[in-house]
Amino acid sequence: DTSPRINEIHYDDTGLDDNEMVEVRVTNGYDVSQMSLYMYNGKEGLQNMYSVIPLTSMDVDLVNSDAAFDYYVWDAPMSGLQNGTDGIALVDNGDVIEFLSYEGSFTAMDGPAARMHSIDIGVFETNGSSEMQSLQRLEDGTWIGPLDATPGFENQTGIASDLIWV
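The paragraphs below set out a description of the structure included in this document. Source: prediction; values computed, not measured.

Concerning the packing of aromatic side chains
Phase 1 of the analysis: Under the counting rule described, the total for this entry stands at 4 aromatic pairs.
Phase 2 of the analysis: Between Phe-99 and Phe-106 the ring centres are 5.5 Å apart and the planes differ by 85°, which places this aromatic pair in the edge-to-face class. For the pair Phe-99 and Phe-106, one class covers both residues: buried.
Phase 3 of the analysis: Cluster of aromatic residues (ring-pair linked, three or more members): Tyr-40, Phe-99 and Phe-106.
Phase 4 of the analysis: Note that Arg-25 overlies the ring of Phe-69, its terminal NZ or CZ placed 3.6 Å from the centroid.

Next comes the structure, spelled out in structure tokens:
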């Protein structure tokens, strides 16, 4: 699939949450000038947007381009991503491309994903995860991890012997 997508996430690890990040993968040369990440708190009773990160902001870097894709990485500030049931909407020119969540799903109450129900990626990190690990999306859309982070590069191949399951 060559559609823009959230490709890798790191949000929780031992101690203070270090190296938090979100990677967005787009087709090589795709115009990201109108794309943003919207962070959502999925805590029951809140389900509100708490942060907006334009892909053109100084906090997002085009880390790598390979033959097929460009990889943009937002290096979140300390505690930039919340732990627990939370979500991320990838939005292009006001249209929600996808609304993903970790540690459960919920319906957003505001922002561009308002009234949308998130899709739980099915894997999660804990305060026992390493700051050098992440959750990664395979080519078929399946999420795996936590395993060694690859921000800015193609994710793991998903060979069973290489996986670290939670």
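After presenting the structure, the write-up continues.
Structural notes on the sheet that holds strand β4 (residues 49-54)
Sheet strands associate in pairs through backbone hydrogen bonding, adopting either a parallel or an antiparallel arrangement.
Phase 1 of the analysis: Overall, mixed pairing links the 5 strands, which are arranged β4-β3-β7-β8-β9 in an open sheet. The open sheet is flanked by β4 and β9 (119-120), the only strands paired with a single partner.

Criteria and cut-off values
Here, residues in each chain are numbered from 1, in the same order as that chain's written sequence. Reporting of local features is limited, given that this is a predicted model, to residues whose pLDDT is at least 70; pairs of side-chain atoms are given and counted only at 80 or more, and all residues count toward the totals for whole chains, interfaces and linings. Water and hydrogen atoms play no part in the side-chain values, which are based on all heavy atoms of the structure. For this analysis, a ring pair means two rings from Phe, Tyr or Trp (six-membered ring only for Trp) whose centres lie within 6.5 Å, classed as stacked if their planes differ by under 30 degrees, edge-to-face if by over 60, and tilted for the remaining angles. With a 1.4 Å probe rolled over the protein chains alone, any residue whose accessible area is under 20% of its type maximum counts as buried; one over 50% counts as exposed, and the rest are partly exposed. Criterion for a charge above a ring: Lys NZ or Arg CZ within 6 Å of the ring centre, and within 35 degrees of the ring normal. Pairing between two strands requires that DSSP report at least two bridges joining them. Secondary structure elements are taken from DSSP: a helix is a run of H or I of four residues or more, a strand is a run of E of two residues or more, and numbering for both begins at the N terminus.

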